[in-house]
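Each chain, letter by letter, is given below.
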Amino acid sequence: MIVITIFDGFFQTGTSRVHSNLQNNPIPNWRQPEAAYIHIPFCAQQCGYCDFAIATGKDSSRDAYLDALEKEISRLGKPHPVRSWFIGGGTPTELTESQLERLCRILKQWLPLTGEAEFSIEANPDSTTMEKLAVLSSHGLTRLSLGVQSFQEPVLKLLDRRHDNPQVERVVENARKLKISSISIDLIFGSAGQSLESWKYDLTRGMALKPDHFSTYGLTYEKGTPLWKKMNRGQIIPLEDNEELAHYEAAIDMLEAHGMEHYEISSFANMGKRCWHNQVYWENGAYHGFGMGAARYVDGRREVNVRNLESYIQKVLSGQETTFQSEQLEPREEAVETLGLNLRRMQGANRVRFLKRTGFNIDDITGPRKDYLVQQGLLKDDGENLSLTRRGRHLADWVVTRLF
Ligand code: SF4
């Protein structure tokens with residue numbers, strides 16, 4: 001699950017053939033979606049840190065969920081061609097082969113991929129069989145985002161992850177056999193008790209698999225999660241901020257030394273292997289979102305679907321609205337969000353482009369607070385682009401909330 005954080009807290013939700021033109025021209029439509037997110041909430045069990053929209057122990061509801069998903073998508077009324085599908089979760093690979101086949105057919109009917117397209121799916125190593133990958137590959141899968149998190153048993157145990165290293169290696173090998181052109185690996189740093197050497201070991205093991213892309217996330221203790229409860233009972237002690245910063249910096253140093261481009265706070269890619277779909281989010285472009293708990297941004301309106309499985313299925317199948325939150329953004333609000341999201345990217349926000357996109361000057365949006373953060377060494381302003389410094393990236397949420 002890719003985490004999209006929009007700093008005002010409205011959303012906090014919890015990734016081929018990547019064609020050259022798509023990479024060179026990552027400019028999404030700002031109003032009408034060219035990207036589609038589809039949420040599959042099923043998970044074999046809840047991981048200790050997870051507060052995403054998930055459903056565990058509900059395997060018998062998977063067909064009904066696909067019925068509801070099909071009905072929700074069909075409300076489009078006619079096919080809407082897009083440039084990316086991102087099937088996220090939850091664990092999409094918890095679906096059976098025939099369910100994945102059905103899902104791809106639904107998407108082909110209503111959201112046909114057009115031109116140079118990207119098709120990503122999030123996968124867990126323990127449920128991603130060769131047969132499932134073959135189904136997805138036959139429908140044009142271009143990008144596999146694998147939730148590895150760590151290569152060490154004590155860390156996996158702390159996070160309540162189910163898989164082991166041989167499963168990870170097998171999935172990567174199978175994806176290569178099927179010529180899935182982009183493989184991304186998710187890793188988590190800053191686990192309680194994890195040393196810098198332990199984190200460097202995870203990075204080294206990850207690089208040995210030669211993925212095209214890495215997403216590295218600092219462990220967070222979201223309220224109500226099992227890990228948060230353990231922390232509150234004193235059973236685990238989170239790392240200090242400076243220790244976590246050292247982990248983050250080690251990731252940047254090691255992955256860049258390995259030839260990867262650090263293109264977003266948490267994202268690293270080989271040349272030509274950035275995730276186009278996620279770049280739509282950071283551009284604050286429009287995107288469709290379907291399924292339980294899914295967020296969408298269409299024509300300046302942000303919406304989120306209900307996060308409960310039974311409620312989602314019941315509402316869709318009985319013809320009711322599935323939207324749980326809905327907000328039409330005022331132009332200034334949209335400009336503020338755009339700047340916050342643009343700053344997640346290494347290139348930051350370009351003054352000319354920002355003005356064209358939002359109708360606002362960056363300096364009018366930030367006022368003197370920007371200069372203060374530049375003086376503090378957290379922002380860099382070269383007159384054309386405003387971006388986070390290396391230190392600022394680690395404190396990105398803090399910096400952005402102080403900018404407005
Ligand atoms: S597999 Fe992912 S979505 Fe499912 S419980 Fe674990 S972290 Fe959450």
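Asker: Break down the sheet that holds strand S19 (residues 385–388) for me, citing the residues and quoting the values.
Answerer: What the 3 strands build is an open sheet, ordered S17-S19-S18; its pairing is antiparallel. Both outer strands of the open sheet, strand S17 (349–350) and strand S18 (379–381), are each paired with one neighbouring strand and no more. Alignment of S18 against S19, held across 3 bridges, turns out to be antiparallel. If you follow Lys380 over to S19, its bridge partner there is Ser387.

Asker: Explain the nonpolar core to me, using residue names and the numbers behind them.
Answerer: Ranked by internal contacts, the top residues of the largest apolar core, which has 83 residues, are Ala36, Ile38, Trp85, Leu144 and Leu146. By size, the runner-up hydrophobic cluster in this structure holds 15 residues, among which are Ala335, Leu379, Leu388 and Val399.

Asker: Explain the site of the ligand to me, using residue names and the numbers behind them.
Answerer: Around the ligand, a shell composed of 12 residues is seen, among which Cys43, Gln46, Cys47, Cys50 and Phe52 lie nearest. Looking at the shell around the ligand, its residues break down into 6 nonpolar, 6 polar and no charged.

Asker: Would you mind going over the domain arrangement of the protein in detail, with residue names and values included?
Answerer: As a measure of interface size, the accessible area lost when the parts come together is often cited. According to the domain assignment, the protein consists of domain 1 (4–283) and domain 2 (343–403). The interface is formed by 10 residues belonging to domain 1 together with 10 residues belonging to domain 2. Counting only elements with at least two residues in the side of domain 1 that touches domain 2, the list comes to helix H9 (241–257) and strand S11 (261–264). The element best represented in the side of domain 1 that touches domain 2 is S11, accounting for 3 residues. Grouping the constituent residues of the side of domain 1 that touches domain 2 by class yields 7 nonpolar, 2 polar and 1 charged.

Asker: Any details on the environment of Leu378? Residues and values, ideally.
Answerer: In this structure, Leu378 sits in the loop between helix H15 (369–375) and S18. In the structure, Leu378 is positioned 297 residues away from Pro81 in sequence and 40 Å away in space, judged by C-alpha atoms. Once residues within four sequence positions are removed from consideration, Leu378 is found in contact with Leu373, Leu388, Thr389, Arg391, Gly392, Leu395 and Val399.

Asker: So, helix H11 (residues 309–317): which residues are in play, and what are the values?
Answerer: Buried within H11 we find Leu309, Tyr312, Ile313 and Val316. Seen from one end, H11 has its buried residues packed into an arc of 95°, which puts them on one side. Looking at the packing, one finds that the buried side of H11 touches strand S5 (55–56), helix H2 (62–74) and strand S15 (301–305). Trailing H11 by a residue or two, Gly319 shows a phi angle of about 80°, which is positive.

Asker: Can you explain the sheet that holds strand S10 (residues 213–218)? Please cite residues and give values.
Answerer: Strand order in the open sheet formed by 9 strands is S11-S12-S10-S9-S8-S7-S6-S3-S13, and the pairing between neighbours is mixed. With one partner strand each, in any of the chains shown, S11 and strand S13 (288–290) form the two edges of the open sheet. Adjacent strand axes in the sheet meet at a mean angle of 20° when their direction is disregarded. The sheet contact formed by strand S3 (residues 35–40) and S13 spans 3 bridges and is parallel. Along S13, the bridge assignment pairs Tyr37 with Gly289. Of the strands in this sheet, strand S8 (143–149), strand S9 (182–189) and S10 touch helix H7 (residues 196–208), which is tilted by about 175° from S9. Docked against the sheet, H9 engages S9, S10, S11 and strand S12 (267–269), running at close to 170° with respect to S10.

Asker: Would you mind going over the packing of helix H3 (residues 97–110) against helix H4 (residues 130–138) in detail, with residue names and values included?
Answerer: Here H3 crosses H4 at 15°, and the two axes come no closer than 9 Å. Judged on the interaxial angle alone, H4 and H3 are roughly parallel. In terms of crossing hand, the pair formed by H3 and H4 is right-handed. Between H3 and H4, the residues in contact are Glu97, Leu100 and Glu101 and Glu131, Lys132, Val135 and Leu136, respectively. Its residues placed into classes, the contact of H3 with H4 shows 3 nonpolar, no polar and 4 charged.

Asker: Now, about the pairing of S10: what can you tell me, with residues and values included?
Answerer: The pairing of S9 with S10 spans 6 bridges and is classified as parallel. Bridge pairing in S10 places Leu187 opposite Thr216. Following the chain from S9 across H7 to the adjacent parallel S10, one finds a crossover that is right-handed. Bridge count between S10 and S12: 3 bridges; the pairing is antiparallel. Within the sheet, the bridge partner assigned to Ser215 lies in S12 and is Ser267.

Asker: Give a detailed account of the confidence of the model for the protein, specifying residues and quantitative values.
Answerer: Should the pLDDT be low somewhere, the predicted coordinates at that spot are not to be read in detail. Within the protein, residue pLDDT values average 92, and 93% of them lie at 70 or more. Ignoring residues within four places in sequence, the model shows residues 1–27, a span with pLDDT below 50, making 70 contacts including any to other chains.

Rules and cut-offs
Residues numbered from 1 in each chain as written. Predicted model: local features only at pLDDT ≥ 70, side-chain atom pairs only at ≥ 80, totals over all residues. Pairing = 2+ DSSP bridges. Helix = DSSP H or I, 4+ residues; strand = E, 2+ residues; numbered from the N terminus. Core = buried A, V, L, I, M, F, W, Y, C linked by C-beta atoms within 7 Å. Buried ≥ 20, exposed ≤ 12 C-beta atoms within 10 Å, placed from the backbone. Near = placed C-beta within 6 Å. Nonpolar A, V, L, I, M, F, W, Y, C, P; charged D, E, K, R; others polar. Domains from an automatic or database assignment. Contact = placed C-beta atoms within 7 Å. Arc of directions from axis to C-beta. Axes fitted to C-alpha atoms, helices over the stretch in contact; angles between N-to-C directions. Parallel < 35°, antiparallel > 145°, perpendicular 65-115°, else oblique. Left-handed = near helix turned anticlockwise from the far one by under 90°. Right-handed = clockwise from strand over helix to strand, strands pointing away. pLDDT = per-residue confidence, 0-100.

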